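An overview of the molecular structure
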Amino acid sequence: MRVVLTTALLSISLVTSPLEAQDGPTSAPKRYFPACPPFAVDYAFDCYNDYAEVTRFLQDAAAAYPEYASLESIGKSWQGRDLWVLTITDPAGGAVGDKPAVWVDGGVDADEVVSIEAALGVVHRLLTSSDPEIAELRRTTTFYVAPAVIPDSSELQMTTAERPRDTTLRPWDDDGDGRLDEDGPEDLDGDGQALTMRRESAAGTMAVSEEDPRLLRPRRPGDAGPFYEVWLEGIDNDGDGEYQEDRLGGVDPNRNYPGRWSVSQRGSGPFAGSEVEIRALTDFVIDHPDIAASQHFHSSGGVVLRPPSVPDWDLPSDDEELYLRLAERGLEVSGYDLATSVYDWNWPRGSGNRKKGQIWRNPDGDLVGGPSSLDGYAAFGGSIDALYEIFGVVAFANEIFQLGEDDDNDGRIEQHERLRWDDEHQGGEAFKEWEAFDHPQLGAVEIGGWRKFGQNNPLADRLPEEVARNVEFVLMQARHVPRLAIDEVEVTPLGDGVHRLTATVANRGFAPTELAIRSSQGRAVPVRVEVGGAGVEVLSSEARRDVGTLAGHREEEVEWVVRVAEGGVVEVTAWHPKAGRVVRSVEPPAS
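In short, a report on the structure. Source: prediction; values computed, not measured. (Residues numbered from 1 in each chain as written. Predicted model: local features only at pLDDT ≥ 70, side-chain atom pairs only at ≥ 80, totals over all residues. Heavy atoms only, no water.)

1. Examining the sheet that holds strand S16 (residues 431–439)
Spatially, S7-S6-S8-S5-S17-S16 is the arrangement adopted by the 6 strands of the open sheet, whose pairing is antiparallel. Every other strand in the sheet has two partners, leaving strand S7 (216–218) and S16 as the edge strands with one partner each. The sheet shows a mean angle of 40 degrees between the axes of neighbouring strands, taken without regard to direction. Across 5 bridges, strand S5 (residues 196–200) lies against strand S8 (residues 227–232) in antiparallel orientation. Residue pairing in the sheet places Arg-198 in a bridge with Val-230 of S8. (Pairing = 2+ DSSP bridges. Helix = DSSP H or I, 4+ residues; strand = E, 2+ residues; numbered from the N terminus. Axes fitted to C-alpha atoms, helices over the stretch in contact; angles between N-to-C directions.)

2. A closer look at the state of the cysteines
Summed over the entire model, instances satisfying the criterion amount to 1 disulfide. There is a disulfide in this structure between Cys-36 and Cys-47, and the S-S distance comes to 2.0 Å. The disulfide joining Cys-36 to Cys-47 has a torsion of about -90 degrees about its S-S bond and is therefore left-handed. In this pair, Cys-36 is assigned in the loop between helix H1 (7–13) and helix H2 (51–64) and Cys-47 in the loop between H1 and H2, connecting sequence segments 11 residues apart. Take Cys-36: its relative accessible area is 4%, and that puts it in the buried class. (Disulfide = S-S within 2.5 Å. Buried < 20%, exposed > 50% of the residue type's maximum accessible area, 1.4 Å probe, protein only.)

3. Observations regarding helix H9 (residues 415–425)
Where H9 is concerned, the buried positions are His-416, Glu-417, Leu-419, Trp-421 and Asp-422. Against S16 and strand S17 (443–450) lie the buried residues of H9. In the segment just after H9, Gly-427 is the residue with positive phi, at about 65 degrees. (Contact = heavy atoms within 4.5 Å.)

4. A word on the sheet that holds strand S25 (residues 580–586)
With antiparallel pairing, the 4 strands of this open sheet are ordered in space as S22-S20-S24-S25. Each edge of the open sheet is held by one strand with a lone partner, namely strand S22 (544–546) and S25. Across the sheet, the mean angle separating the axes of adjacent strands is 15 degrees when strand polarity is ignored. Where strand S20 (residues 528–532) and strand S24 (residues 570–576) come together, 5 bridges link them in antiparallel fashion. Paired with Glu-530 across the bridge in S24 is Thr-573.

5. Points about the pairing of S5
The sheet contact formed by S5 and S17 spans 3 bridges and is antiparallel. Residue pairing in the sheet places Arg-198 in a bridge with Glu-446 of S17.

6. A closer look at the environment of Arg-138
Position of Arg-138 among the secondary structure elements: in helix H4 (residues 132–140). Relative accessible area serves as the criterion here: at 6%, Arg-138 is assigned to the buried category. Filtering out sequence-adjacent residues up to four positions away, Arg-138 remains in contact with Tyr-68, Ile-88, Thr-89, Asp-90, Lys-99, Leu-126, Leu-127 and Ser-129. Only 2.6 Å separates the side chain of Arg-138 from the backbone oxygen of Leu-126, close enough to count as a polar contact. (Polar contact = N/O pair within 3.5 Å; in protein donor to acceptor, adjacent residues only side chain to side chain.)

Next up, the structure:
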């Protein structure tokens, strides 16, 4: 049955419609939080930034530290917002491209705005810290930070009543009726957020949870009721009898990356890289082969994620071992309790997170774990699989903030445990109690449920801790990238200006110069060592030697025979795109 909307009903639906933020790059006023202060050394990270404030933060950071930071737009979002990347490095340690790099992004999933704050936290720590170790990381590493990679959708979280789903805002016909984005959520009861509606009905598929009457669970055989139908808050805007079935956007950017992309994956889009934001990010990575590690911030769960995200894909054993060791260290520095592949996380549904391939913290606080399992949750087209498989990058995705504790120690945190924790630690701020409402189409309903902040985005008082622990994880990643060094160049005179040179080239980093996945593809770039210099004649067959992949903390000797004119200086250069460029000069003794 089609519903005819009256003028009065239309006025209700448009009071807080998310469409107010859709018309071009100018956003509606910020909600929920006061204006955030500008970038400063003492910035506290107790405030959520909207897009304009993110832009100002990055511009101010670049202006305050021009010797280390430069800001660029690598493209435009669907609605025309700049996609900012801040490059941070100390040129005293070498030019960009001549040292290993770490990529950091946030804001790929619309409502996970804590990820934006974590990325800004990386910027702040790298630029303002006086710690000698941070200064050394700045000198030896390049950081590319993109805090808000899908800014159009993140703005919906900050400036509208809607809790947006994880999509770009390119219009999409979800319900196949030939219209685009015509039936999304609205804030009907005027509390500032579009939450959940429920209506008691004998035909309802949900029943009240025994664990907490505020929660619903799927209906089971033998249940006595009451039963409920459930919708997102709003009206039937297009009169098709469905509610909120065609929301803004439709392509999930974190299912749109190339590599392990699948047309069968929900939200994957028409083809890999179809979204302008993902194309801009992918092009940037292509143009920056120095990226050796990456962090893609998300929320929530307090979990460290790694590849694979899909079935029927076993990582090479050397790469899996590398991931497990780095993940273990990541749990130590972040204080989180679980590290797992995306594919193994929470799968099968309802299973505990204590399986092979995961590392977890036991009740005594010790980290334990084992090799990979076979069964899991598939997420085709994700960022970490693309960065790992296509570009050979050690890619992690941290799910920031854990709401609740595993009170019954069964390996999972269930909804009633989250609700109890919210009551005890957040004063119930994350969940709105059900309240009766007279719906203009459905009649008597109740509106309530999880709010936009406090569930997967921590409340402001817990934000600084979450930012800090994830900054530590990124710094840990930077400490373990491959790093080339020329430890020694031994010169042996052979007479008549001829010398034998023996250079010891080393990888002083923990990670190898190339991952095993790249070697298995035949795409591994070898470490290249070359001899030259003023007045130097190479007598060996080749001036450049390829020494293959250097594992972490390994070294290789390379030898040449050269003739050096009087006063000549020999230069030995070692280079790998992900491990940097180093040059060692020696002046041979007179012979």
